[in-house]
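# Remarks on the overall topology
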Amino acid sequence: RKPSASLYAADGTRIAAYGDFQDRPVTLGELPGYLPQAVVAIEDRRFYSHFGLDPVGFLRALVANVSAGRVVEGGSTLTQQLAKLLFLTPERTLARKAQEALLALLLEHRYSKRELLTIYLNRAYIGGGAYGVDAAARRFFGKPASEVTLYEAAILAGALKAPSRYNPRSDPGAANARARLVLDAMVEEDMIEPDHAR
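If you're wondering where the values come from, they're calculated on a predicted model, not measured in any experiment.

### With respect to the overall build of the protein chain
Across its full length, the protein chain holds nine helices and four strands. Walking the protein chain from its N terminus toward its C terminus, one meets helices and strands in the order β-β-α-α-α-α-α-β-β-α-α-α-α. For 198 residues, the compact-globule formula gives about 16 Å, and the C-alpha radius of gyration of the protein chain, at 17 Å, lands near that figure. The C-alpha extent of the protein chain, read off along each of the three principal axes, is 55 × 40 × 35 Å. A burial count over the protein chain gives 43% of its 198 residues as buried. Taking all contacts inside the protein chain whose residues are at least 6 apart in sequence as the whole, residues at least 24 apart take part in 56%. Carbon and sulfur atoms form 56% of the exposed surface of the protein chain, whose accessible area is close to 10900 Å². Averaging the locations of the 25 positively and 22 negatively charged side chains of the protein chain gives two centres separated by 5 Å.

### Description of the environment of S146
Turning to its location among the elements, S146 is positioned in the loop between α6 (133-141) and α7 (150-159). Note: C-alpha distance between S146 and R178 (32 residues apart in sequence) is 21 Å.

### Points about unusual backbone geometry
Even without glycine at this site, D190 takes up a positive phi of about 60 degrees. Assessed through its relative accessible area of 71%, D190 is described here as exposed.

### So, the side chain of E43
Within the secondary structure, E43 is located in helix α1 (residues 34-43). R178 provides the closest opposite charge to the buried, unpaired E43, separated from it by 4.2 Å. Here Q81 takes part through its side chain, which lies 3.2 Å from a polar atom of the side chain of E43. Setting aside residues no more than four positions away along its own chain, E43 makes contact with S76, L78, Q81, Y120, A157, L160, K161 and R178.

### A word on a nonpolar patch on the surface
A surface patch of nonpolar side chains, amounting to about 390 Å² of accessible area, comprises F51, L102, L105 and L106. Note on placement: F51 falls in the loop between α1 and α2 (55-68). Take F51: its relative accessible area is 47%, and that puts it in the partly exposed class.

### Describing the packing of aromatic side chains
One pass over the full model with this rule turns up three aromatic pairs. When the centroid spacing of 5.0 Å and the interplanar angle of 70 degrees are considered together, the rings of F47 and Y48 count as edge-to-face. For F47, a relative accessible area of 0% gives the class buried. Note on F140 and F141: the rings are 6.3 Å apart at their centroids and 70 degrees apart in plane angle, and the pair reads as edge-to-face. F140 gets classed as buried once you look at its relative accessible area, which sits at 13%. Relative accessible area serves as the criterion here: at 23%, F141 is assigned to the partly exposed category. The ring of Y111 carries R110 above its face, with NZ or CZ at 4.8 Å from the centroid. Above the plane of the ring of F47 lies K113, whose end atom (NZ or CZ) is 4.5 Å from the centre.

### Notes on the packing of α1 against α7
Relative orientation of the contacting elements α1 and α7 amounts to 40 degrees, with a least axis distance of 9 Å. Our classification of the angle between α1 and α7 gives oblique. As for how α1 packs across α7, the hand of that crossing is right-handed. Residues Y34, L35, A38, V39, I42 and E43 of α1 pack against L150, A153, L156 and A157 of α7. For the contact of α1 with α7, the per-class residue count stands at nine nonpolar, no polar and one charged.

Rules used throughout
Residues numbered from 1 in each chain as written. Predicted model: local features only at pLDDT ≥ 70, side-chain atom pairs only at ≥ 80, totals over all residues. Heavy atoms only, no water. Helix = DSSP H or I, 4+ residues; strand = E, 2+ residues; numbered from the N terminus. Rg over C-alpha atoms; globule rule 2.2 N^0.38 Å. Buried < 20%, exposed > 50% of the residue type's maximum accessible area, 1.4 Å probe, protein only. Contact = heavy atoms within 4.5 Å. Areas by Shrake-Rupley, 256 points an atom, 1.4 Å probe, with all protein chains shown as cover. Lys, Arg positive; Asp, Glu negative; His and termini not counted. Charge placed at Lys NZ, Arg CZ, Asp CG, Glu CD. Salt bridge = Lys/Arg side-chain N within 4 Å of Asp/Glu carboxyl O. Polar contact = N/O pair within 3.5 Å; in protein donor to acceptor, adjacent residues only side chain to side chain. Patch = residues over 30% accessible without salt bridge, like charges linked within 9 Å, V, L, I, M, F, W, Y side chains within 5 Å. Phe/Tyr/Trp six-rings, centres within 6.5 Å; stacked < 30°, edge-to-face > 60°. Lys NZ or Arg CZ within 6 Å of the ring centre and 35° of its normal. Axes fitted to C-alpha atoms, helices over the stretch in contact; angles between N-to-C directions. Parallel < 35°, antiparallel > 145°, perpendicular 65-115°, else oblique. Left-handed = near helix turned anticlockwise from the far one by under 90°. Nonpolar A, V, L, I, M, F, W, Y, C, P; charged D, E, K, R; others polar.

Nothing here speaks to function; it is all geometry.
Written as structure tokens, this is what we have:
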């Protein structure tokens, strides 16, 4: 990452931040339950039931992509995304994909699902130079991730797919549309009630 610097007032309040921004790591227990749920609902619905690779999700993505004639859906699990994030480059080659799959299996063997999700939520790029949900919540909403609303959690989760496209500061309309998809996914997975989503 690029180096970052923060400018603080005499009373300790942050005036400005420059470069990539990452706040202190947070635990799942510090976050409202709907924030990790939103990420799982939109990024990897079968996260808690697969072993790092999701053959069902891969086949579903393959069918969707072949039907559309282009890549419209990813087949990577959240653990595969974490492996790429921690150890690999973003290049799209078969060799890199094989490395990602092997690393995902190793991560799943070594860490619990809670630990994997915690690492992902603290390391993923969410846009606006912010890495991790806490840094993104502070950058976009001016508060820690522990205080985000359900809608704000949906914005953060939605931005993971394409941080520059779904950045709520640069394109609020796209971020809102993506947040609606996240909320719909949460309803489909019985994580929230339809009234709560509305």
